[in-house]
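What the coordinates show
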Amino acid sequence: MAFRRKHLLGIEPLHPSEITAILDLADQYVDLNRRDVKHADALRGLTQVNMFFENSTRTQASFELAGKRLGADVMNMAMQASSIKKGETLIDTAMTLNAMHPDLLVVRHPHSGAVDLLAQKVNCAVLNAGDGRHEHPTQALLDALTIRRAKGRLHRLNIAICGDVAHSRVARSNLILLGKMENRIRLIGPPTLVPAQFAEFGAEVYEDMREGLRDVDVVMMLRLQKERMDGGFIPSEREYYHRYGLDAEKLAFAKPDAIVMHPGPMNRGVEIDGEIADDINRSVIQEQVEMGVAVRMAAMDLLARNLRAARAEPVEA
Amino acid sequence: MTMTTIFTNARLIDPDAGSESYGTLVASDGLINEILPQVIEIADLFRARNVTADQVEVVDCHGKCLAPGIVDIGVKVCEPGERHKESFRSAGLAAAAGGVTTMVTRPDTLPAIDTPEALEFVARRANAAAPVNVLPMAALTKGREGREMTEIGFLMDAGAVAFTDCDHVIANTKVFSRALTYARALGALVIAHPQEPGLSAGAAATSGKFAALRGLPTVSPMAERMGLDRDIALLEMTGAAYHADQITTARALPALKRAKKNGLDITAGTSIHHLTLNELDVADYRTFFKIKPPLRSEDDRLATVEAVRSGLIDIISSMHTPQDEESKRLPFEEAASGAVALETFLPAAMRLVHAGHLTLPELFRAIALNPAKRLGLNSGRLTTGAPADLVLFDPDAPFVLDRATLHSKSKNTPFDGQRMEGKVLATYVAGTPVYRR
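**Some thoughts on the sheet that holds strand S9 (residues 163-164) of chain B**
Residues and elements named next belong to chain B. Read from one edge of the open sheet, 5 strands run S9-S10-S13-S14-S15, paired in parallel fashion. Sheet topology places S9 and strand S15 (315-317) at the edges, where each strand pairs with a single neighbour. Here strand S10 (residues 189-192) runs beside strand S13 (residues 241-244); their pairing, made up of 4 bridges, is parallel. For Val-190, the partnering residue across the bridge sits in S13 and is Tyr-242.

Following this line, the structure appears as C-alpha cells:
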C-alpha cells in the first residue's frame, strides 16, 4: 500500500506498508543529501509553513532544511511570540493562515490533539511535528530508518525504550511504530515515569534497567522532560542517573552490537553518559539527525504528491 | 371554576410504588386529584364527578407513558454573567421540552450566587422567564473559594434549597467541617463534589490505556474515592445532611454503602453522561465529551449503572452545563468541561431502560422521586395531593438527534447525530401544559 493520506498526524493510523513506503523513499533522499548538490524539486512552487507553538531548534531546522532541499518556499512562524499571546485562538490562527494558501503546514503544539484539530480546519497538508504528549510521527520514522539501516531490518528486534515515557510523544510514536513492525519492546524506567497502563500496549515494563537491557538490539534513550513535570517524579537527577542513566556498565547487559539512540537534545550525565553518546561504535545519535532530514523530505514529498493528485481531480457535484 | 385535566389511557409510571399500570389520572387546581388504576369510560368518569365535557380538558395518552416530571439537581443556567451561553428563558424551554419540571440551579455563575441579594435576583429572573419550576442553590463558601462560609441562614430565607461550591472542592477541611456543622444546625443540605483536589489537578481524562495513547493529563479514578472518604469522615464528625453530586467509579461505591449503613445522612448522585458514555467516546479529542469528572472506563460505567438500579446511588442528574463553541473548539486540554443535557436527559436515560438495566419506575425513582425527597419537595411522584408536574412521553419513538434543534443557547451535546429512543410528547407544570410536541 502506498502512502495516500492527506496529512501525517500520527503513526497510529498508518499501515505497516505505508511506513515502509515512507522509509523506502527516505533512503533515496539520504543518498541525495550526501551529494555535493543537494537539490531536488519535488516541492517546487509549494509553500511550506512551519508553525511552532513550542520552542524547537533541531526539529524546526530539520523541517526547514528538508523543505528547502526539495525546492519549497519555507516560512518559519514562531507562534510563541505572535498573535496567540494576543488572545487569538488556535482555530482563528489556522483560518488566517489558510487564507494565505500554504501547501504544507508543519505544526508543533504543547497540547495533545491540537494538530488534529488544526488539520480539520485547513485545506493544506498538515504534518505533526509533535503535539503535547501524544505523537511525534517524523521522529518515530527517522528512528525506524536509523534502526533499519544499522540493523538491516525493522522487525523481530528487541528494543528498549528507557526513561521518561510518561511525558514523551517520541516514546508513544515509537512504541506504536515498532509494535506495528513486529518488534519486542521493553519500557524501562521508574514507575512514576513509566505508568503501568503502558503494559497494555503489548510492551514489557521493567523497573530494573540492567534486567531490561539484557540482550536487546536497540537502546533508545529518552530525554528527561523537566519542563513537563509538575512536582516530584524523581527524587533527584543524580539518583536518576545512578539507576537509569545509560553508562558502559549498564550497556554491557545489551547485545554486544546493540546501538544507542537518543532523540535529543541530550542531558549528559542525567539520562546518558557523555562517553556512550559519543562512542561512534555504539551511538547512532548523529545518524538519527541525518535521517531526520531525509525522512521529512520523504514525508513532505509524498504528501505533496497526494495534494497535487487531489487538486487535479475534478470536483464532484 | 376549578381547572381540571383528565389523562386517559395512560401508562402510569409510579416510582413510589415501583410499579406501572394503565389507567387514568385526574389533575385539578395544579395538583394530582385522583388516580384510577384502570382504563375507564370517560362518560362514567364525567358522571361520577358530576361534570360535563366542556368543563374539563381530556388528554388521551394513547397508551403512552405518564410519569412525574423530572427533578434535575445541578442545572447550570449561565445567568448572571454568561447569558450568551444560556438564559433562564432558553434553559426553561429546554427543560420543558425535555420533561424536566423542576430545575435545581447551580451557583457556579459569574459572580457566584453567594449572597441573598444575588439569589433573589436569580429567583426573580427565573420566575419571570422559565416555564418550569426553578429552585436555586447557593454557594457554600463566598466566591466558591473555600475560605469563608456564606450567609447560609439568610440564603435559606431567600429560598436556597441546597448549598454547594459545585466542582470546587473545599480543600481546607477546617473550613469545610465548620460549614457542615453550621449547615447541620440550620438543617441545610450540602452538596459536594467528591474529588481529591491534588490528585485530580489539571486532569482532562481518566487514567488508563486510552488516555495514555492520547497523551492526555489524567486523574486516577481513586481520587473520587479519596474525596468521598474524606467527606464521609467529616459527616461522622458533624452529622450534616450531605449529597455527593457525582459518584462515577466502582471504587467509591463500598465507602458509600458503608456510610449509608452506618446511618449517616448521605445520598449520592451521578450524571446521565457517566451512565451512558465511557472514556472511549472521546475518540479523536472530541471536546463535547469533555466533562467533569472525566468519562470513566466501561467497568466503572456498568458498576455505576448497577448502583443506580440497586438504589445505592439515589439520584441521576443531567449536570446540564452550557458551553459555547468558542470554549469547546480548542485543544482538548484547553477546552471547557461540560455538556448540555436537559433535552437529551430522558432519551439518554431510556438507553438504560431499553438495555434492560432499569425499569421505568426505577428510572423515575432516580430522576424524579429521590431528588424531590432529598430536597423535601412533594413532587416527583404520582400520588393524590402531589403537584401535577407530569411528563407524557413515548418510550420507544426513535429519532436522530440534531443539535441545532435544541432549545439551549449552547449546543454542546455529546449525542449529536446519534440514534436515540424516547420522545417527550408533553410536559405539564402544576397541571398546565408548558410543552407540547
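Okay, back to it.
**A word on the domain arrangement of chain B**
Residues and elements named next belong to chain B. Taken domain by domain, chain B holds domain 1 (4-66 + 389-436) and domain 2 (67-374). Distance between the C-alpha centres of domain 1 and domain 2: 27 Å. With 41 residues of domain 1 in contact, the opposing surface of domain 2 contributes 49 residues. Carbon and sulfur atoms supply 63% of the area that domain 1 and domain 2 bury against each other, a total of about 3,600 Å² over both sides. Ranking the residues of domain 1 by area buried against domain 2 places Pro-15, Lys-409 and Asn-412 at the top, with a combined share of 19%. At the boundary of domain 1 with domain 2, the tally comes to 1 salt bridge. Close ionic contact of Arg-403 with Glu-325 constitutes a salt bridge, the shortest N to O distance being 3.0 Å.

**Observations regarding the interface of chain A and chain B**
Tallying the contact residues gives 21 residues for chain A and 16 residues for chain B. Between chain A and chain B lies a buried interface of about 1,600 Å² when both sides are counted; carbon and sulfur atoms form 61% of it. It is His111(A), Ser112(A) and Phe201(A) that lose the most area in chain A upon contact with chain B, and together they represent 30% of the buried surface on that side. On inspection of chain A and its partner chain B, the count reaches 1 salt bridge. Note that Arg214(B) is salt-bridged to Glu12(A), the shortest N-O span being 3.0 Å.

**Quick look at the nonpolar core**
Of all hydrophobic cores here, the largest spans 102 residues; its most connected members are Met103(B), Leu228(B), Leu363(B) and Phe364(B). Residue assignment places this core across two domains, with domain 1 (4-66 + 389-436) and domain 2 (67-374) of chain B each supplying three or more. Setting aside chain neighbours within four positions, we find Leu363(B) in contact with Ile316(B), Leu346(B), Ala349(B), Met350(B), Val353(B) and Leu358(B). Counting residues in each nonpolar core, the second largest holds 67 residues, with Phe52(A), Ala171(A), Ala299(A) and Met300(A) among its members.

**Points about helix H3 (residues 116-129) of chain B**
Across its 14 residues, H3(B) extends 20 Å between first and last C-alpha, which sits within 8% of the 20 Å expected from 1.5 Å per residue. Contacts made by the buried residues of H3(B) are with helix H2 (88-98), strand S8 (133-136) and helix H4 (152-157) of chain B.

**A word on the sheet that holds strand S3 (residues 104-109) of chain A**
Residue and element names in this part refer to chain A. Across the sheet, 4 strands lie side by side as S2-S1-S3-S4; this open sheet has parallel pairing. What marks the edges here is a single partner per strand, and that holds for strand S2 (73-78) and strand S4 (125-131). Neighbour-to-neighbour, the strand axes of the sheet open up by a mean angle of 15°, direction not taken into account. With 6 bridges connecting them, strand S1 (residues 47-52) and S2 associate as parallel partners. Residue pairing for S2: Met-51 is matched across the bridge by Met-77. Running over the sheet, helix H11 (residues 285-312) touches S1, S3 and S4 and is turned about 150° from S4.

**What about helix H2 (residues 58-69) of chain A?**
The first and last C-alpha atoms of H2(A) sit 16 Å apart over 12 residues, in line with the 16 Å expected at 1.5 Å per residue. Positive backbone phi, approximately 90°, marks Gly71(A), located one or two places after H2(A).

**A closer look at the side chain of Asp164(A)**
Residue and element names in this part refer to chain A. Mapped onto the secondary structure, Asp-164 falls in the loop between strand S5 (158-162) and helix H6 (169-180). Classification of Asp-164 as buried rests on a relative accessible area of 0%. Among the polar contacts made by the side chain of Asp-164, one reaches the main-chain amide nitrogen of Gln-225 at a distance of 3.0 Å.

**Observations regarding the packing of helix H5 (residues 137-151) of chain A against H11(A)**
Residue and element names in this part refer to chain A. For the pair H5 and H11, the least separation of the axes is 8 Å and the interaxial angle reads 120°. As for the relative orientation of H5 and H11, their crossing is right-handed in sense. Residues Thr-138, Gln-139, Leu-141, Leu-142, Asp-143, Leu-145, Thr-146 and Arg-149 of H5 touch H11, and the partners they reach there are Glu-287, Gln-288, Met-291, Gly-292, Val-295 and Arg-296. Residues of the contact of H5 with H11, tallied by class, amount to 5 nonpolar, 5 polar and 4 charged.

**Section: the packing of aromatic side chains**
If you walk through the whole model with that rule in mind, you get 4 aromatic pairs over all chains. Both rings, one in Phe198(A) and one in Phe201(A), keep their centres 5.6 Å apart while their planes meet at 45°; by these two values the pair is tilted. Relative accessible area serves as the criterion here: at 2%, Phe198(A) is assigned to the buried category. Centroid distance Phe364(B) to Phe393(B): 5.6 Å. Interplanar angle 25°. Geometry classified as stacked. On the criterion of sequence distance, the pair formed by Phe364(B) in helix H14 (residues 360-374) and Phe393(B) in strand S16 (residues 390-400) is long-range, its members being 29 residues apart. Exposure remark for Phe393(B): the relative accessible area of 0% places this residue in the buried category. Directly above the aromatic system of Phe63(A) lies the positively charged group of Arg296(A), at a separation of 4.9 Å from the ring centroid. Lying across the ring of Tyr285(B), Arg214(B) places its NZ or CZ 5.8 Å from the centre.

**Some words on the pairing of S1(A)**
Residue and element names in this part refer to chain A. Most of S1 sits out of view: 5 of its 6 residues are buried. Read as a crossover between parallel neighbours, the route from S1 over H2 to S2 is right-handed. When S1 meets S3, the two strands line up parallel, connected through 5 bridges. In the sheet register, Met-51 faces S3, and the bridge partner there is Val-107.

**Quick look at the environment of Ala341(B)**
Residues and elements named next belong to chain B. Its place among the elements puts Ala-341 in the loop between helix H12 (325-328) and helix H13 (345-354). Separated by 100 residues in sequence, Ala-341 and Ala-241 have C-alpha atoms that sit 27 Å apart. Residue contacts for Ala-341: discarding those within four places in its chain leaves Ile-272, His-273, Ser-318 and His-320.

**Looking at the environment of Thr138(A)**
All names here are of chain A. For Thr-138, the location among the structural elements is in helix H5. As a C-alpha pair, Thr-138 and Ser-173 span 35 residues in sequence and 8.8 Å in three-dimensional space. Setting aside its immediate chain neighbours within four residues, Thr-138 contacts Leu-8, Phe-63, Leu-127, Val-295 and Arg-296.

**Regarding the pattern of salt bridges**
Residue and element names in this part refer to chain A. In the structure shown here, the tally under the stated rule is 41 salt bridges over all chains. We note a salt bridge from Arg-5 to Glu-18, for which the minimum N-O separation is 2.8 Å. Taken together, the residues span a long stretch of sequence, with Arg-5 in the segment before helix H1 (16-33) and Glu-18 in helix H1 at a distance of 13 residues.

**Remarks on unusual backbone geometry**
The residue after Gly264(A), namely Pro265(A), is reached through a cis peptide bond having omega -10°. One can find Pro265(A) in the loop between strand S9 (259-261) and helix H10 (274-277). Looking along the chain, the bond that leaves Glu79(B) and enters Pro80(B) is cis, with omega of -5°. Residue placement: Pro80(B) occurs in the loop between strand S6 (70-75) and H2. Residue Asp215(A) is not a glycine yet carries a positive backbone phi of 65°. The residue Asp215(A) is located in the loop between helix H7 (209-213) and strand S8 (218-221) in this model. Here Arg144(B), not a glycine, exhibits a phi torsion of approximately 50°, which is positive. Following the sequence through the fold, Arg144(B) ends up in the loop between S8 and H4.

Parameters at a glance
- Residues numbered from 1 in each chain as written.
- Chains lettered and ligands numbered in written order.
- Predicted model: local features only at pLDDT ≥ 70, side-chain atom pairs only at ≥ 80, totals over all residues.
- Heavy atoms only, no water.
- Pairing = 2+ DSSP bridges.
- Helix = DSSP H or I, 4+ residues; strand = E, 2+ residues; numbered from the N terminus.
- Domains from an automatic or database assignment.
- Contact = heavy atoms within 4.5 Å.
- Buried area = accessible area lost by both parts, 1.4 Å probe.
- Salt bridge = Lys/Arg side-chain N within 4 Å of Asp/Glu carboxyl O.
- Core = buried A, V, L, I, M, F, W, Y, C linked by side-chain atoms within 4.5 Å.
- Buried < 20%, exposed > 50% of the residue type's maximum accessible area, 1.4 Å probe, protein only.
- Expected span 1.5 Å × (residues − 1).
- Axes fitted to C-alpha atoms, helices over the stretch in contact; angles between N-to-C directions.
- Polar contact = N/O pair within 3.5 Å; in protein donor to acceptor, adjacent residues only side chain to side chain.
- Left-handed = near helix turned anticlockwise from the far one by under 90°.
- Nonpolar A, V, L, I, M, F, W, Y, C, P; charged D, E, K, R; others polar.
- Phe/Tyr/Trp six-rings, centres within 6.5 Å; stacked < 30°, edge-to-face > 60°.
- Lys NZ or Arg CZ within 6 Å of the ring centre and 35° of its normal.
- Right-handed = clockwise from strand over helix to strand, strands pointing away.

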